[in-house]
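# Structure assessment
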Amino acid sequence: MPSFTKSRQQKLNKLILFMMTLVSILTMSAISVSAKSANQQKFQAKEAYVMDAETGQVLYQKNGSTKRPIASLSKLMTLYLTKKAIDNHQITWNQKVPVDDQLRRMSKSYEVGGFRIKRSKEYTVRDLYKAALIASSNPSAIALGKLVGGGNNTEFIKMMNEQAHAWGIDATFVSSSGLDNTDLSKYHYQVPHTTSKAQNMVSAKAISTVAAKVLEIFPTITQWSKQPSMKVGNQVLVNSNRLLPGSAFYHKSTHVDGLKTGFTVNAGLCITVTYWHDGRHLIATIIDSNTLYTSMNKLISTVNQQYQPTKVALKSHAFSIDGHQLTATPKDPEAVIWQRKGTDGSHVTNYSATKTTLPITKGQLVGNAIVKLADNSSTAVVPMLAATSIKQPTKKVKHATHKTSLLKRIFGFVGSIFGGIYRLFVDFVKFMTP
């Protein structure tokens, strides 16, 4: 009997140990699942777009062509046009920027300021550029726009829309800062003939394209945009991009180095980032997301896992332009096309002329090399540049020969004599007629 009791006790101990082990495993599994769920929250955004910064190839899009408010992402166009004016020697980095009383008043606002512009100090283009980029200062962006627009805010807004039209992107601007007219009207910066609630309406594709143009004209802008903070004078500009090193949502694998955040009640939380993957600079935009930074990390991670770059060697190509044969060379010796992992990597390369008339100067863009994967899933475009110059052909003017000229003069002289005789005859008849 005691032996039976001991045996039962041993079995009971084993059962208790098994149950404790099972509970421990289930608990650890639950913790693991919970942690995994927290790190892999569902991607959430109303609009999203991911593209290669150089080739423009689209890697992901969700409602990418839908126009909607984009808040301070609008400043990217202002920053582009300011840098363009600098490159064209219309303004300089060290030039002092006039700031009126309304903009100084705006800079004091907690809601729309971002950088306090003091009456006792003067600010350069560089100062306000950094303030608009890093601290998303609305008055700084407006002041820069006015300077580029020759002192006229309305003229600058016109320039923004004209530039968008020239690029063929779907965007309508009423503000250089991204503020809508409900805020701008308080500071007398509402553009005439716009409604009281008008705001910038731009698609995720369009503002991503603007970001690519900014990188093209000002590639070192990321030396500023990747800084978590920066000083201008005695003020510290705090970067609201929480994907940068040292910030709460930083992931080492994403390699984010910019570029611009935005928020208004109508636009929601927005961001356009620049980041590196496999040696390529990419641009990703999310508009109106309640989980902005988590969703951006998820978006970048998903794209990185799904795509790999494939290099395609390019050659020179002869274009027929206005009856003349012109050799063009690719801007880059290789086209890089993003290929979805596990798909067919075969491709075709076509060439399309963009220039149809003369003259043409060496180095001018005359066409594109278009590389397309065989399954039509991806396309990369590389500019083709003229290898030589071709002048406008002079029109041949037919010069009259000396003989022809002499005959014309003789017949003209004879004709004038007979014309005179005829007029005398008519006058004589009139005279003799009763």
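Everything discussed here concerns the structure shown above.
Here we summarise the structure given alongside this text. (Residues numbered from 1 in each chain as written. Predicted model: local features only at pLDDT ≥ 70, side-chain atom pairs only at ≥ 80, totals over all residues. Heavy atoms only, no water.)

As a further point, take the overall build of the protein. When helices and strands are tallied, the protein shows 11 helices and 16 strands. Relative to its 434 residues, the protein shows a buried fraction of 43%. Taking the contacts inside the protein whose residues are at least 6 apart along the sequence as the reference set, 64% of them involve residues at least 24 apart. For the protein, the exposed area adds up to about 24100 Å²; of that, 57% sits on carbon and sulfur atoms. (Helix = DSSP H or I, 4+ residues; strand = E, 2+ residues; numbered from the N terminus. Buried < 20%, exposed > 50% of the residue type's maximum accessible area, 1.4 Å probe, protein only. Contact = heavy atoms within 4.5 Å. Areas by Shrake-Rupley, 256 points an atom, 1.4 Å probe, with all protein chains shown as cover.)

Turning our attention to the pattern of salt bridges. Across all of its chains, the model carries 11 salt bridges by this definition. Arg280 is paired through a salt bridge with Asp52; the nearest N and O atoms lie 3.1 Å apart. With a gap of 228 residues between them, Arg280 in strand β9 (residues 280-287) and Asp52 in strand β1 (residues 47-52) connect regions that are remote in the sequence. A relative accessible area of 14% places Arg280 in the buried class. As a salt-bridge pair, Lys67 and Asp170 come within 3.5 Å of each other at their nearest N and O atoms. One end of the pair, Lys67, is in the loop between β2 (58-62) and α2 (75-87); the other, Asp170, is in the loop between α6 (153-167) and β3 (171-172), with 103 residues separating them in the sequence. A relative accessible area of 29% places Lys67 in the partly exposed class. You can call Asp170 partly exposed: its relative accessible area is 39%. A single salt-bridge network, built from bridges that share partners, covers Lys46, Glu47, Arg68 and Asp288. (Salt bridge = Lys/Arg side-chain N within 4 Å of Asp/Glu carboxyl O.)

This model, assessed by the stated rule, comprises 10 aromatic pairs. Taking 5.6 Å as the distance between ring centres and 80 degrees as the angle between the ring planes, the aromatic pair formed by Phe115 and Tyr123 counts as edge-to-face. Among the aromatic residues, ring-to-ring pairing joins Trp93, Tyr129, Phe218 and Trp224 into one connected group. Positioned over the ring face of Phe218 is Lys83, at 5.2 Å from the centre of the ring. (Phe/Tyr/Trp six-rings, centres within 6.5 Å; stacked < 30°, edge-to-face > 60°. Lys NZ or Arg CZ within 6 Å of the ring centre and 35° of its normal.)

A separate point is the environment of Lys391. Along the chain, the position of Lys391 falls in the loop between β16 (379-386) and α11 (402-432). With a relative accessible area of 73%, Lys391 lands in the exposed category. Remark: the alpha-carbon pair of Lys391 and Leu358, spanning 33 residues in sequence, is separated by 6.6 Å. Apart from residues lying up to four places away in sequence, Lys391 is in contact with Leu358 and Pro359.

All we've got here are geometric facts, nothing functional implied.
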